[in-house]
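One-letter residues, chain by chain:
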Amino acid sequence: MVRMRLLLCSLALVLTVCCLCFGAKQIVSISGQAGSSQSSRAQRSVTGTVINSVTGEPIRRALVRLNGPTQSFAFTTADGHFQMDGVQEGAIYLSAEKPGFSDPSQTGNPVILQTGVNQAVVKLIPQSVIQGRILDSDGEPIEGVQLQLLAQQITNGRKEWQMRQMTQPSENGTYRLENLMPGAYLLSTMAHPVFGFQFTRQAGKLPQEAYPQRFYPNSPDLGSAQPIDLKPGEQAEADFTLPEAPAFSVSGSVGPVQDGISISIGDADGQQTFMPAAFNRQTGRFRLPAVPSGSWILSFHSRNSQGAAYYGEQTINVGSSDIAGLQVLLQPLPSIPVNVADKGDASPPQAQVQLIPDEKSASTGNYMATPSQAGDSQQAWMIRNVAPGRYGVSVQSNGPGCIDSVSSGSADLTHDDLIVTTGSQPPPINVTFRDDCATLSGEVHGGSGDAKGFVILLPGAAYIQPNITPIQSGGHFAFGNLSPGEYQVYAFSNIEGLEYANPEALRGFTGQRIDLEPNQKANVTVDLMVRGSN
Amino acid sequence: MPGSRWTAVLTLVAGCVCATASGQTGFAISGVVVERGSNRPLKHVLVSITPTEHRDVQLSCVTDGSGRFAFANVPAAKYSLVAQKRGEPPEGYHQDEEYATAIAVGPGLDSESIVFPLDTPGSLSGTVLDDQGDPVAQAQVWLFDKGVSSGRSQILPAGTYMTGSSGNFYIGHLSPGMYYVAVQGRPWYAQNFFQPQPVQDQNYAQEGAGAEPGRSISELDVAYPVTYYGDTSDPASASPITISEGGSATVQITMRPKPRLSGDVFHIRTRRLPDSG
């Protein structure tokens, strides 16, 4: 029973976006020796050690917390030992905290100590740091430049770069990004006027210079950036030397004027950046005093009191002169109705439908269909406020039935991308279901003893979302509501950092191919692939 | 209409490039901004002139790589001259307290070989440790400037800073003077805001219901009193830190935990700092 709970608990940790927190949790089961009375709980001592998971060294002065029928705290001694007396028997949760260390349960399963054993080892992962200096071409510190840290993240089996931290160097040009988990990171500076933000206001029409955006080590865009691969406890050094480049004023107006217009600037890859900008909310006039040469996307967002979103976009190519007189039109963003139709007559089928932006699209984030709300013109599920761009569709059946087709107007979204352009309303997305679905069950072999981990079912059809399920006791697993077709089945001891929705990323692993016929109840046996974390 | 003449000047100089104004007719104001003491030329300094009779007009220019600035075609008049390094407050030419020297422009007056020395900023760096020698991260460091204003000694807040994970902080852009530092922080292990963590196990929650909190919680119900440089929580005993022109100082402050029920030691009391008048 305890093991089941642990499995579910670690599943939740793996599947949710990881958060930084101190502390490692262990469960220690303490029960009396044979013959001890069950009526009054025995008092016991718990002793143990807190160690650095990388070096194995003891961690001094860590705070160990014991939750159970009683709660106690203890600091570790210089050799990492702790002792707690008078602990009542029961389910005991042990956790430890120490600044600079973090929760290891994202990379390893908690250890269950067996009956009668009451000595615990709590492992903490040392957090990592990226630090460095931002210097100009003369070696003088630049302060005020914004630094952005992007972390590689696997979301629904897809790799993406997510903004993790922002910082600015201090007056001596040094910066430090702390409390980082191991993993791959991209670090970039944002375009910054040489004379600082207040100067651009005062200096009016002075010729401007800017430090352009740079991805570490020295690349102008995300595409050619080199990720920093942080090991646990590593202190990585990343210095930037920023050239001074001419910068130009970009101005114009956005309309129709309405409340709450916000302006944002992205590079040609759609990566958001920061630049000083003046915006007059009454007139809609905007001015960016110091834009470095290059291709940029200005985007304007607003939302009216009814919640309808408006969007305007302008791509600018800054060469060697100022740009003035831009006119940007705000247009309502389309919401796309999603119709789910059943071929049979059973209770209405449920599907999760989402749009996934093309990698080169300026649009970021996934769009999920949500139920209709008050004020909607149609009674349908909607994918709301979709920014212009190219999208792949991804559908998962929540039963009954399985996916048969997905289309939008004449476009067959099982093969084609959905293209959303400014100012036009795409036709509804129609999802049809079939009821001759297949099921797949099986067993996982391998691993020592009972196989633990996850089974991934990757459909050959890209529009169907991959399925993932924890391995049940005895190595069993089962999937239902499957559309007939080709699938690959994989079993992994650990899926942390695994881009399982990307067939390319799974190419190096051995899966089991299976072709499901209509109404088939298939059974397979797969071997567990043991994967370390990272 | 004297105003119209100044508008014309503004237009003319608007395209000002910071270089020597050779080959220009009329009067000019030009020179070089240097670091006081070392005489190193300073680039990227914003230089502004304002006619003393027309305070609403301001012309600006940024020094080039060799620290030079130039305003060409300026009418004969007296001008105030101000320079500002990025991140620093503006400084008047030969400024002493609130008075600066004006530049006179006209026939027979040399306004083209100005050497404008700017103060070199000082810095203060420090480390905040706890009584066990471990860093105190995310502590708030308060800086107070002991200055003289209108002939009176005053202690004024001069900014707050945050320590990093190694307990260190760095404060730049400091003008010479006397400073005090006060630190507020919270022991990382303090449990006074402790809420029992949600436990995944329902059965456990029932078992644990009614359980007494362990006695050790009170040992962790601690806080740091506000600690002033000079290892004291008594502001009257705080030690001043002297920053010289362009100098840097390094300090260490040790925070000692106290039971949380200790009244006003957790508030900063500037009035009791030495010589606060």
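Here the residue index of a chain counts from 1 through its sequence in written order. For naming, the first written chain is A and the first written ligand is 1, with later ones following in the order written. Predicted model: local features are reported for residues with pLDDT of at least 70 only, side-chain atom pairs are reported and counted for 80 or more only, and whole-chain, interface and lining totals are derived from all residues. With hydrogens and water stripped out, all remaining heavy atoms of the structure feed into the side-chain values.

As for the overall build of chain A
Next up, step 1: Segments assigned H or I by DSSP are reported as helices when at least four residues long, segments assigned E as strands when at least two residues long, and all are numbered from the N terminus. Assigned secondary structure in chain A consists of 2 helices and 45 strands.
Next up, step 2: In the form shown here, chain A has an accessible surface area of approximately 24100 Å², with 49% of it arising from carbon and sulfur atoms. Where accessible areas are quoted, they stem from the Shrake-Rupley method and a 1.4 Å probe; at the residue level, only the protein chains shown are allowed to cover.

Quick word on the pattern of salt bridges
Next up, step 1: When a carboxyl oxygen of Asp or Glu is within 4 Å of a side-chain nitrogen of Lys or Arg, the pair counts as a salt bridge. Inspection of the entire model under this criterion finds 22 salt bridges over all chains.
Next up, step 2: One salt-bridge network, held together by shared partners, links Arg60(A), Arg61(A), Lys98(A), Asp130(B) and Asp134(B).

Quick notes on the environment of Ser123(B)
Residue and element names in this part refer to chain B.
Next up, step 1: Looking at where Ser 123 falls in the secondary structure, it is placed in strand 9 (residues 122–130).
Next up, step 2: Buried means the residue's accessible area, taken with a 1.4 Å probe over protein chains only, is under 20% of the maximum for its type, while exposed means over 50%, and partly exposed covers the values in between. According to the relative accessible area criterion, Ser 123 is buried, its value standing at 11%.
Next up, step 3: Separated by 72 residues in sequence, Ser 123 and Pro 51 have C-alpha atoms that sit 34 Å apart.
Next up, step 4: Any two residues whose heavy atoms approach within 4.5 Å at even a single point are treated as in contact. Non-local contacts of Ser 123, meaning those with residues more than four positions away in its chain, are made with Tyr 170, Ile 171, Gly 172, Leu 174, Ile 243, Gly 247, Ser 248 and Ala 249.

Some points on the side chain of Ser299(A)
Next up, step 1: Considering the arrangement of structural elements, one finds Ser299(A) in strand 26 (residues 294–303).
Next up, step 2: When sequence neighbours within four positions are dropped, the list of residues in contact with Ser299(A) reads Ser262(A), Ile263(A), Ser264(A), Tyr311(A), Gly312(A) and Glu313(A).

Here's the deal with empty space enclosed by the protein
All names here are of chain A.
Next up, step 1: Method remark: on a 1 Å grid restricted to protein atoms, a set of points is classed as a cavity if a 1.4 Å probe fits but cannot get out and as a pocket if it is open with protein on both sides within 12 Å along at least five of seven lines; lining residues have an atom within 4 Å of a point. Grid points are joined across faces, edges and corners, and a volume is the space filled by probe spheres set on the points. According to the stated counting rule, one finds 1 cavity of 30 Å³ or more in the structure shown.
Next up, step 2: Forming the boundary of the largest cavity are Gln 331, Pro 332, Leu 333, Pro 334, Val 386, Ala 387, Pro 388, Val 420, Thr 421, Thr 422 and Gly 423.
Next up, step 3: Across the lining of the largest cavity, the residue classes tally to 7 nonpolar, 4 polar and no charged. Nonpolar residues are Ala, Val, Leu, Ile, Met, Phe, Trp, Tyr, Cys and Pro. Charged residues are Asp, Glu, Lys and Arg, and all others, Gly as well, are polar.

A few points about the sheet that holds strand 35 (residues 402–408) of chain A
Next up, step 1: In space, the 9 strands of this open sheet follow the order 36-35-38-30-33-32-31-34-37 (chain A), with mixed pairing throughout. Both outer strands of the open sheet, strand 36 (411–412) and strand 37 (418–420) of chain A, are each paired with one neighbouring strand and no more. DSSP bridges decide pairing: two strands pair if at least two such bridges lie between them.

Overview of the sheet that holds strand 17 (residues 248–255) of chain B
Residues and elements named next belong to chain B.
Next up, step 1: On the basis of which strands lie adjacent, the open sheet formed by 3 strands has the order 12-9-17 and mixed pairing. Of all the strands in the sheet, the pair left with one neighbour each is strand 12 (168–174) and strand 17. Between one strand axis and the next, the sheet turns through 20 degrees on average, direction left out of account.
Next up, step 2: Two elements, strand 9 and strand 17, share 8 bridges in a ladder whose sense is parallel. The residue bridging Leu 129 from the neighbouring strand is Thr 254, located in strand 17. Here, axes are lines fitted to C-alpha atoms. For helices the fit covers the stretch in contact, and angles between N-to-C directions go from 0 to 180 degrees.

Some points on the state of the cysteines
Residues and elements named next belong to chain A.
Next up, step 1: Cysteine sulfur atoms that come within 2.5 Å of each other are treated as a disulfide pair. This structure, assessed with the given rule, holds 1 disulfide over all chains.
Next up, step 2: What pairs with Cys 402 in a disulfide is Cys 437, and their sulfur atoms sit 2.2 Å apart. Every disulfide takes its handedness from the sign of the S-S torsion; for Cys 402 and Cys 437 that torsion is -100 degrees, giving left-handed. In this pair, Cys 402 is assigned in strand 35 and Cys 437 in the loop between strand 38 (429–434) and strand 39 (438–445), connecting sequence segments 35 residues apart. The pair Cys 402 / Cys 437 is uniform in exposure class, with both members buried.

Concerning a nonpolar patch on the surface
All names here are of chain A.
Next up, step 1: In this scheme, patches are assembled from residues that exceed 30% relative accessible area and form no salt bridge. Like charges are connected within 9 Å, while nonpolar side chains (Val, Leu, Ile, Met, Phe, Trp, Tyr) are connected within 5 Å. On the surface, a cluster of nonpolar side chains totalling about 280 Å² of accessible area is made up of Met 163, Met 166 and Phe 274.
Next up, step 2: Along the chain, Met 166 falls in strand 12 (residues 158–167).
Next up, step 3: Using a relative accessible area of 31% as the deciding quantity, one classes Met 166 as partly exposed.

Section: unusual backbone geometry
All names here are of chain A.
Next up, step 1: Omega for the peptide link from Tyr 216 to Pro 217 comes to 0 degrees, which places this bond in the cis form.
Next up, step 2: Looking at where Pro 217 falls in the secondary structure, it is placed in the loop between strand 17 (214–215) and strand 18 (228–230).
Next up, step 3: Cis rather than trans, the peptide bond between Gly 255 and Pro 256 has omega equal to -5 degrees.
Next up, step 4: Residue position: Pro 256 is located in the loop between strand 21 (245–255) and strand 22 (262–267).
Next up, step 5: A positive phi angle, near 55 degrees, is found at Arg 61, a position not held by glycine.
Next up, step 6: Following the sequence through the fold, Arg 61 ends up in the loop between strand 2 (43–52) and strand 3 (63–67).

Some points on the confidence of the model for chain A
Next up, step 1: On a range of 0 to 100, pLDDT expresses the predictor's confidence in each residue. Residues with a pLDDT of 70 or more make up 81% of chain A, whose mean pLDDT is 80.
Next up, step 2: pLDDT under 50 marks residues 1–23 of chain A. Its contacts with residues more than four places away, or in other chains, come to 41 contacts.

Points about the packing of aromatic side chains
We describe a pair of aromatic rings using the distance from one ring centre to the other and the angle between the two ring planes.
Next up, step 1: Each aromatic pair joins two rings of Phe, Tyr and Trp (for Trp, the six-membered one) with centres within 6.5 Å, and gets the label stacked for planes under 30 degrees apart, edge-to-face for over 60, and tilted for any other angle. Counting across every chain of the model gives 11 aromatic pairs over all chains.
Next up, step 2: Note on Trp188(B) and Tyr189(B): the rings are 5.5 Å apart at their centroids and 90 degrees apart in plane angle, and the pair reads as edge-to-face.
Next up, step 3: Among the residues examined, Trp188(B) registers a relative accessible area of 17% and is labelled buried.
Next up, step 4: Aromatic rings pair up to connect Phe75(A), Trp188(B) and Tyr189(B) into one cluster.
Next up, step 5: Above the ring of Phe75(A), the side-chain terminus of Arg61(A) is found at 5.4 Å from the ring centroid. By the criterion adopted, a ring carries a charge over it if an Arg CZ or a Lys NZ lies within 6 Å of its centre and within 35 degrees of its normal.

Regarding the confidence of the model for chain B
All names here are of chain B.
Next up, step 1: Counting all residues, the mean pLDDT for chain B is 78, and 77% of those residues have values of 70 or more.
Next up, step 2: Note on residues 1–24: pLDDT is under 50 here. Beyond four places in sequence and across chains, it has 40 contacts.
Next up, step 3: Across residues 193–216, confidence stays below pLDDT 50; counting only partners more than four residues off in sequence or on other chains, it has 26 contacts.
Next up, step 4: Scored as a whole, the predicted complex attains pTM 0.74, and scored at its interfaces, ipTM 0.71.

Things to note about the pairing of strand 27 (residues 309–318) of chain A
All names here are of chain A.
Next up, step 1: Alignment of strand 26 against strand 27, held across 10 bridges, turns out to be antiparallel. The residue bridging Leu 298 from the neighbouring strand is Gln 314, located in strand 27.
Next up, step 2: Between strand 26 and strand 27, which pair antiparallel one after the other, the connecting turn spans 5 residues, and Gly 307 there sits at a positive phi close to 90 degrees.
Next up, step 3: In this sheet, strand 29 (residues 331–332) lies alongside strand 27 in antiparallel orientation, the contact comprising 2 bridges. Bridge assignment links Tyr 311 to a residue of strand 29, and that residue is Gln 331.

A few points about the pairing of strand 25 (residues 285–292) of chain A
All names here are of chain A.
Next up, step 1: Strand 25 sits mainly inside the fold: 6 of its 8 residues count as buried.
Next up, step 2: Examined bridge by bridge, strand 21 and strand 25 share 6 bridges and lie antiparallel to one another. In the strand pairing of strand 25, Val 250 is matched with Leu 288.
Next up, step 3: Examined bridge by bridge, strand 24 (residues 278–279) and strand 25 share 2 bridges and lie antiparallel to one another. Bridge pairing in strand 25 places Ala 278 opposite Arg 287.
Next up, step 4: Taking the residues that link successive antiparallel strands as the turn, the strand 24-strand 25 hairpin has 5 residues, and the phi of Gly 284 there is positive, at about 80 degrees.

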